[in-house]
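Survey of secondary and tertiary structure
Below are the chains, spelled out letter by letter.
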Amino acid sequence: MKSLKERILELKKEKNAVILAHYYQESDIQDVADYVGDSLGLSQEAMKVDADIILFAGVHFMAETAKILNPSKKVILPDLKAGCSLAESCPADLFQKFTEAHPDHVVISYVNCSAEVKALTDIVVTSSNAVKIVESIPKDKPIIFAPDKNLGKYVMEQTGRDMLLWDGACVVHEAFSLDKLIALYKKNPDAKIIAHPESETHILNTAAYIGSTSGMINFVKTDPSQKFIVATEAGILHKMKQEVPDKILIPAPAKEDNTCACSECGYMKMNTLQKVYDCLLNETPEIHVPEAIMKKALIPIQRMLELSK
Ligand code: 13P
Ligand code: SF4
């Protein structure tokens, strides 16, 4: 009998579909994907897709972004409930009031937000280009940065710009324990700590490198160190191990009350290999974005892609 992975690969051909997966997806899903990447890479890839169907193995805002960038394609997501604490922290109606209260501000939104919030935004950013894009805004222009306050604080520190921050956070990156991280580092003083900028400032202050998921993978490949403590969602270790099989990679520890010892994104993990198969077979759940929102949200995403060249 054929394995689930084999059946997915067959269905993909039959249906002229591609699978785009984020690094936080479970290993089996990453293995059947045509492209695995960070949020920026996934957007760039989604735009180029020529196949009829994009199965997005990631969370809802990522699939929505793919639909906005390539609207003639059928975009499907294995589990519609795969959301994101950052996107949920920023309802469009409240965000609209916030932006209207500060009409002179340039509105910059992290890609981890709904299409409706993107439609209220001037420029979208991801963790790999946020610093560069904020630096491109004239110094006399005040900025709203939403929804991630931790990424916002990091960008403020890197650019020296003051920004008005929305009060959102990633539950996964706020789950790291500083005390446990320090204890782990004391046992492994030859390790380099690397962290995602969605982490809190006290975690970032310990890091030798801070960057997006792609940036972190690139760092472990190019840095001469043999050991790394990795402060981001644990799914990234699958790709990292493939890239640097001889190096030692230790997931950063989570606080006592976390559901697992390291940090896993419950939303990302809602997608399973079985759901990927069912989703391809039935071509559902499908992502739909209202036409008017799609048109407005495309503009700040395109600005980001232009500024990322
Ligand atoms: P990147 O892969 O763009 O670094 O984003 C991380 C993340 O949390 C996605 O939800
Ligand atoms: Fe959202 Fe955090 Fe999960 Fe990424 S890791 S999808 S930011 S909750």
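The rules behind the values
By convention here, each chain's residues receive numbers from 1 onward along its written sequence. Ligands are numbered from 1 and chains lettered from A, in the order in which they are written. It should be noted that, the model being predicted, local features are given only for residues of pLDDT at least 70 and side-chain atom pairs only at 80 or more, the latter also being counted only at that level, while totals for whole chains, interfaces and linings use all residues. UniProt positions are given in the numbering used here, feature names are shortened, and annotations may be inferred rather than shown by experiment. In this text, near has one meaning. A residue is near a molecule or strand if its C-beta atom, placed using the backbone, is within 6 Å of it. All amino acids are sorted into three groups, where Ala, Val, Leu, Ile, Met, Phe, Trp, Tyr, Cys and Pro are nonpolar, Asp, Glu, Lys and Arg are charged, and the leftover types, Gly among them, are polar. The domain limits used here are those given by an automatic or database domain assignment. In this text, helices come from DSSP runs of H or I with a minimum length of four residues, and strands from runs of E with a minimum of two, each type numbered from the N-terminal end. The length a helix should cover is 1.5 Å for every residue beyond the first. Across the chain, bend at a residue is computed as the angle between axes fitted to the seven residues ending at that point and the seven starting from it. Two residues form a contact once the distance between their C-beta atoms, set from the backbone, is within 7 Å. In this scheme the burial state of a residue depends on its C-beta neighbours within 10 Å: 20 or more other such atoms mean buried, 12 or fewer mean exposed, and anything in between means partly exposed; the C-beta positions come from the backbone. At least two bridges found by DSSP between two strands are what make those strands a pair. Here an angle of 0 to 180 degrees is reported between the N-to-C directions of two axes, which are lines fitted to C-alpha atoms, with helices fitted over the stretch in contact. The definition of a right-handed crossover adopted here requires that, viewed with the strands pointing away, the path from the first strand over the helix to the second runs clockwise.

Per an unreviewed UniProt entry, the chain carries the name Quinolinate synthase and comes from Flavobacterium cellulosilyticum. The Pathway (unreviewed entry) comment attached to the chain in UniProt states, word for word, "Cofactor biosynthesis; NAD(+) biosynthesis; quinolinate from iminoaspartate: step 1/1." According to the UniProt record, the Subcellular location (unreviewed entry) comment for the chain is "Cytoplasm".

A few points about the site of ligand 1
Around ligand 1 sit Asp 38, Ser 39, Cys 84, Asn 112, Thr 126, Ser 127, Cys 170, His 196, Glu 198, Ser 212 and Thr 213, and those are all the residues in its vicinity. For the shell around ligand 1, the residue count by class is two nonpolar, seven polar and two charged. Built from parts of two domains, the shell around ligand 1 gets at least three residues from each of domain 2 (86–170 + 294–307) and domain 3 (173–251).

Here's the deal with the environment of Leu 9
Inspection of the secondary structure puts Leu 9 in helix H1 (residues 4–14). Taking the C-alpha atoms as reference, Leu 9 lies 8.9 Å from Ala 33; in sequence the two are 24 residues apart.

A few points about helix H15 (residues 291–307)
The end-to-end C-alpha distance of H15 is 25 Å, a good match for the 24 Å that 17 residues give at a rise of 1.5 Å each. Remark: the principal bend of H15, roughly 25 degrees, maps to Leu 298, with a proline, Pro 300, within the next four residues. Structurally, H15 contributes buried residues whose contacts are with helix H3 (39–48), helix H4 (60–69), helix H7 (115–118), strand E6 (123–125) and helix H8 (130–135).

Some words on the UniProt feature "binding site: iminosuccinate" (unreviewed entry) in the chain
According to UniProt, the feature "binding site: iminosuccinate" (unreviewed entry) maps to His 22, Ser 39, Tyr 110, Val 111, Asn 112, Ser 127, His 196, Pro 197, Glu 198 and Thr 213 in the numbering used here. Structurally, the position occupied by Asn 112 is in the loop between strand E5 (106–110) and H7. Residue classification places Asn 112 among the buried residues on the basis of 28 C-beta atoms within 10 Å. Setting aside its immediate chain neighbours within four residues, Asn 112 contacts Phe 61, Cys 84, Leu 86, Ala 87, Pro 147 and Asp 148. Secondary-structure assignment places Glu 198 in the loop between strand E9 (192–195) and helix H11 (201–204).

Structural notes on the sheet that holds strand E2 (residues 35–37)
Where strands meet in a sheet, backbone hydrogen bonds hold them as pairs that are either parallel or antiparallel. Taken in spatial order, the four strands make up an open sheet running E2-E1-E3-E4, and their pairing is parallel. Each having just a single partner strand, E2 and strand E4 (74–76) make up the two edges of the open sheet. Within the sheet, the average angular offset between the axes of one strand and its neighbour, ignoring direction, is 20 degrees. Here three bridges tie strand E1 (residues 17–22) to E2, and the two strands are oriented parallel to one another.

As for the pairing of E1
Counting buried positions along E1 yields six of six residues, so the element is predominantly enclosed. Because side chains alternate across E1, one face comprises the buried residues Ala 17, Ile 19 and Ala 21, and the other comprises Val 18, Leu 20 and His 22, equally buried. Pairing of E1 with strand E3 (residues 53–57), which is carried by five bridges, proceeds in the parallel orientation. For Ile 19, the partnering residue across the bridge sits in E3 and is Leu 55. The parallel pair E1 and E2 is bridged by helix H2 (residues 27–32), and the resulting crossover is right-handed.

With respect to the site of ligand 2
Cys 84, Ser 85, Cys 170, Val 172 and Cys 265 are the nearest of the 14 residues found near ligand 2. Looking at the shell around ligand 2, its residues break down into ten nonpolar, two polar and two charged. Both domains that meet at the shell around ligand 2, namely domain 1 (4–82 + 268–288) and domain 2 (86–170 + 294–307), each give it at least three residues.

Some thoughts on the sheet that holds strand E10 (residues 209–210)
Ordered by their spatial adjacency, four strands build an open sheet running E10-E9-E11-E12, and the pairing between neighbours is parallel. Two strands bound the open sheet, and with one partner strand each, they are E10 and strand E12 (248–251). The pairing of E9 with strand E11 (residues 227–231) spans four bridges and is classified as parallel. Following the sheet pairing, Ile 194 is matched in E11 by Val 230.

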